[in-house]
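# Examination of the molecular architecture
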Amino acid sequence: GAVVSQHPSRVICKSGTSVKIECRSLDFQATTMFWYRQFPKQSLMLMATSNEGSKATYEQGVEKDKFLINHASLTLSTLTVTSAHPEDSSFYICSAKRQPIPQETQYFGPGTRLLVL
Amino acid sequence: GEDVEQSLFLSVREGDSSVINCTYTDSSSTYLYWYKQEPGAGLQLLTYIFSNMDMKQDQRLTVLLNKKDKHLSLRIADTQTGDSAIYFCADLSGGYNKLIFGAGTRLAVHP
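Overview of the structure. All chains use their own residue numbering, which begins from 1 and follows the written sequence. As a convention, the first chain written is A and the first ligand written is 1, with the rest following in written order. Per-residue local features are limited, in this predicted model, to residues with pLDDT of at least 70; the limit for side-chain atom pairs, both in listing and counting, is 80 or more; totals at the level of whole chains, interfaces and linings are taken over all residues. The basis for every side-chain value is the complete set of non-hydrogen atoms in the structure, without hydrogens or water.

## Concerning the overall build of chain A
Helix numbering and strand numbering both begin at the N terminus, where a helix is a DSSP run of H or I of at least 4 residues and a strand a DSSP run of E of at least 2. The helix and strand inventory of chain A stands at 0 helices and 11 strands. Each helix (α) and strand (β) of chain A, taken in turn from the N terminus, gives the series β-β-β-β-β-β-β-β-β-β-β. Atoms considered for the radius of gyration are the C-alpha atoms alone. The globule rule reads 2.2 Å times the number of residues to the power 0.38. Here the C-alpha radius of gyration of chain A, 14 Å, is about what a compact globule of 117 residues would show, namely 13 Å. Its C-alpha atoms give chain A principal-axis dimensions of about 40 × 25 × 25 Å.

## Focus on the sheet that holds strand β6 (residues 55-58) of chain B
Residue and element names in this part refer to chain B. Taken together, 5 strands build an open sheet; the order of strands is β1-β3-β8-β7-β6 and the sheet is antiparallel. Since the sheet does not close on itself, it has two edges, and those belong to β1 (4-6) and β6, each with one partner. Between one strand axis and the next, the sheet turns by 15 degrees as a mean value, whatever way the strands run. The pairing criterion for strands is at least two bridges between them, as found by DSSP. Axes here refer to lines fitted to C-alpha atoms; in helices the fit is confined to the stretch in contact. Angles between the N-to-C directions go from 0 to 180 degrees.

## Thoughts on the pairing of strand β9 (residues 90-98) of chain A
All names here are of chain A. Accessible area is worked out with a 1.4 Å probe on protein chains only. A residue is then buried under 20% of its type maximum, exposed over 50%, and partly exposed in between. Counting buried positions along β9 gives 8 out of 9 residues, so the element sits mostly inside the fold. Summarising the sheet, β9 and strand β11 (residues 112-116) pair through 3 bridges and their orientation is antiparallel. Residue pairing for β11: S90 is matched across the bridge by L114. Across 4 bridges, the pairing between β9 and strand β10 (residues 105-108) is antiparallel. Each residue of the ladder has a partner; that of A96, found in β10, is Y107.

See below:
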């Protein structure tokens, strides 16, 4: 299998605080992980691509100082929402790309629902 | 940029076949995927097809790819209530090596 976990599954925080979300590949190594955001009844929006040992690549319009990504090991990437505000409330989903080529398939975590009060 | 389009809603009777359609614009597409999302959950990979294939079958699932028309479909045979979910079509963009998602098709299965 290819299992990806996320923690926490749900978090409620006060405006102005920072929240860290973890994404782990449990049974494979992932040199590349992705962070998505999903609004209600909408598709997934890619926020950034996280590469192990290097800086993340952010999509246009995503603030890198707001959404800090760290990919320190082959099985763990973290997304920190800094100074969260109510408009950051959303469903955040990570995925991990399982190698080797040619099957470049992304396996998704269960998602983290963030509510900022 | 590249685009993936899907119809937003499909309703079928339990036991019938469901066909979810998807079109894409990427000429350099390498892989195309179908994911399933149940309420409040992440995405579950259902199946994928390599761009040089026409068809792939996996138990109740059949994927058809018409590369000329850039049309992908997912057929679910003997649809069950547990199949009710949102189905996303995704294209692995050859140029950018990232997934481009459609808006998702909400499948409702009724008795």
